[in-house]
Every structure is written in structure tokens, then in C-alpha cells.
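Reading the structure
Next come the chains, spelled out residue by residue.
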Amino acid sequence: MAALVFKPLYAAAGSDVYMGGGSPVQWNTADIGGGVYCNDATFTVGQKRFNSNSATSGSGGGVYAVDTILEMTNPGFYNNDATGSGGGLYRSGGSTALYHATISWNDAGGQGGGVYNETLGNSMVVSGSIIANNTATGTGSGVQGGSNIDIVYTLRWQNYYSGTVSLGTGNRVGDPRFFNPSSGDLLYDSAAIDAIPSSASHVTIDRVLDSRPQLCGKDMGRDEYAVGLRELTWVNAPDPVQE
């Protein structure tokens with residue numbers, strides 16, 4: 001049997017890795033963990049994108065994390081794919097928290113087009129995020145919970161959650177209305193804007209280090225909308241509803 005191929009980043013057992021800002025992790029392929037593979041590591045992410053990575057023989061198109069302490073703030077997962085589960089992110093064991101993530105247009109040949117949480121380990125936390133337009137051949141086009149995923153103040157659109165998922169306070173269903181889908185920037189009529197009470201999120205910056213909040217509350221996802229910085233285009237967007 002041929003050895004599995006890991007690239008571009010392999011966080012080995014005992015390593016402590018921080019990845020922040022700058023160029024995205026993109027256009028990479030590997031058997032498992034198309035963008036990043038973490039094994040029994042500590043992996044901390046701030047303001048980083050994982051774009052168009054592929055796991056060609058298994059799971060975790062963007063990131064594959066096993067027995068890892070994983071904390072991500074303002075991450076973006078876009079257009080990643082896996083032949084297995086977890087088109088954007090696959091997690092098994094360890095602990096995982098995603099804060100103000102934008103997870104969109106990822107695809108899995110198995111379960112969990114956006115996120116797959118394996119049956120091992122503690123609950124996974126997803127807070128203040130956007131999970132939209134992901135697809136999967138199996139269940140959980142947006143999120144599949146093999147073990148529990150606690151989701152709070154998160155916007156869901158054109159995908160669904162399946163498995164062991166606990167929906168807490170402040171979740172919504174509505175169109176995120178991206179100005180720039182590859183970075184997660186929001187249009188003025190996005191259902192994500194002002195959707196989080198300032199006291200409900202500890203995150204004080206967005207993906208480009210703009211302060212949160214800019215308006216009356218904090219925005220879901222990795223972008224904090226700032227008035228006057230983007231083109232206004234009038235559309236009739238559907239009203240968000242509480243999840």
C-alpha cells in the first residue's frame with residue numbers, strides 16, 4: 001500500500017502552530033488534509049483563509065485535525081473538497097472552537113460538506129459564524145455531528161445540519177449576501193449584520209483587523225461590515241428567520 005501524502009502543512013505530535021492573516025492556504029492537494037493535517041498538535045488560527053484545497057483519498061479538504069487542540073478566529077473555508085467527509089474541516093478527538101468563521105461552497109463525497117465532527121472527543125463549538133452553500137453526497141451538507149457540535153449565533157443558508165448538533169441562542173436562517181464570496185465580505189443587506197449582541201462574542205476584530213462592532217452589534221462570519229466602504233446594490237433579499 002502506498003504511503004499517504006500530506007501537504008502543504010503537517011503539524012506533528014507535540015507541535016504548537018500559529019497561523020494568521022496573509023496569503024491564503026490554497027490550491028493544494030493531499031490524500032488526507034488537503035490544506036493542513038494536524039495530529040496531536042496545538043493549532044491556532046487567526047484571520048486565515050483555506051481556499052480550493054482537496055483531499056483526494058480521504059477527509060478534510062481544507063483542514064484535517066485529529067487529537068488536536070484547535071482554535072480558529074475569523075477563519076474562512078471556501079471551495080474545498082474531500083472524497084471522504086468534512087469538505088472544509090474534519091475533526092476527530094481533541095478540542096475544537098470556531099469563532100466568526102465563514103464556511104461556504106465546500107463539498108464532501110461523504111458527510112459534512114462544511115464541517116464533520118467525528119464521534120471521538122469533546123463537543124465542538126461553532127460561534128458567530130456563517131455556514132452557507134456547502135454540499136455533501138451523504139448527510140449534513142453544512143455540518144455533520146458524529147459527536148456533539150454546539151452552534152450559537154450562527155447563520156445557515158442553503159445547507160443543513162445533521163447528526164448530533166445542539167442549536168443554542170441566536171441562530172438564524174438567511175442569505176449572507178456576500179460582496180466578495182472568496183473573502184466573506186458582506187453586502188449591506190446581509191442577514192449576518194448586527195446579528196450578535198456585542199456582549200455575546202469576545203472577538204473584537206474581523207478578518208482585516210477592523211474593530212467589532214462597527215454598527216449596533218457584531219456581525220456573523222469573518223467580516224464586520226463598515227458603512228460607506230462598499231458599493232450599494234438594491235435587491236429584495238429574504239428576511240432572516242430564527243433557527
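Refer to the structure printed above.
Residues numbered from 1 in each chain as written. Predicted model: local features only at pLDDT ≥ 70, side-chain atom pairs only at ≥ 80, totals over all residues. Heavy atoms only, no water.

Here we look at the pairing of strand β2 (residues 16–20)
Alternating residues of β2 divide into V17 and M19, all buried, and D16, Y18 and G20, none buried. The sheet contact formed by β2 and strand β6 (residues 42–46) spans 5 bridges and is parallel. Bridged to D16 within β6 is T42. (Buried < 20%, exposed > 50% of the residue type's maximum accessible area, 1.4 Å probe, protein only. Helix = DSSP H or I, 4+ residues; strand = E, 2+ residues; numbered from the N terminus. Pairing = 2+ DSSP bridges.)

Structural notes on the side chain of S92
Its location among the elements puts S92 in strand β12 (residues 89–99). Relative accessible area serves as the criterion here: at 7%, S92 is assigned to the buried category. Sequence-distant contacts of S92, defined by excluding residues within four places in its chain, comprise A65, V66, D67, E118 and L120. (Contact = heavy atoms within 4.5 Å.)

Some details on the nonpolar core
Looking at soluble globular proteins, one finds that nonpolar side chains tend to be buried together. Core analysis: the biggest nonpolar cluster contains 27 residues, and F43, F50, M72, L89 and L98 have the highest contact counts within it. For this core, the secondary structure elements donating two or more residues are β2, β5 (36–39), β6, β9 (63–73), β12, β16 (124–127) and β19 (143–152). Considering every element that reaches this core, the biggest residue donor is β9, with 4 residues. Setting aside residues up to four positions removed in sequence, F43 forms contacts with L9, V17, M19, V36, C38, T68, I69, L70, E71 and M72. Counting residues in hydrophobic clusters, the runner-up holds 13 residues, among them Y153, L155, A192 and M220. (Core = buried A, V, L, I, M, F, W, Y, C linked by side-chain atoms within 4.5 Å.)

Remarks on unusual backbone geometry
With an omega of -5°, the peptide bond between R212 and P213 qualifies as cis. One non-glycine residue, N133, lies in positive phi territory at about 60°. Residue position: N133 is located in the loop between β17 (130–132) and β18 (135–136). Even without being glycine, Y153 reaches a positive phi, approximately 45°. Under the relative-accessibility criterion, Y153 is labelled buried at 16%.

Things to note about the packing of aromatic side chains
Following the criterion strictly, the structure yields 6 aromatic pairs and no others. On the numbers, 5.1 Å between centres and 20° between planes, the contact of F50 with F77 is stacked. Taken as a pair, F50 in strand β7 (residues 49–51) and F77 in strand β10 (residues 76–78) lie far apart in primary sequence, 27 residues in all. F77 shares its class with F50; the two are buried. Ring centres of Y64 and Y90 lie 4.7 Å apart, and the angle between their planes is 5°; on these two criteria the pair is classed as stacked. Of this pair, Y64 sits in strand β9 while Y90 sits in strand β12, placing them 26 residues apart in sequence. Among the aromatic residues, those joined into a ring-pair cluster are Y10, Y37, Y64, Y90 and Y116. Here the basic side chain of R156 rests over the ring of Y161, its NZ or CZ set 5.6 Å away from the ring centre. (Phe/Tyr/Trp six-rings, centres within 6.5 Å; stacked < 30°, edge-to-face > 60°. Lys NZ or Arg CZ within 6 Å of the ring centre and 35° of its normal.)

Considering the environment of L9
Among the structural elements, L9 can be located in strand β1 (residues 9–11). You can call L9 partly exposed: its relative accessible area is 23%. Measuring from C-alpha to C-alpha, the distance between L9 and N74 comes to 19 Å, with 65 residues separating the pair along the chain. In this structure, L9 is in contact with V17, M19, G35, V36, Y37 and F43, ignoring residues within four places of it in sequence.

Purely geometric stuff here, so don't read any function into it on its own.
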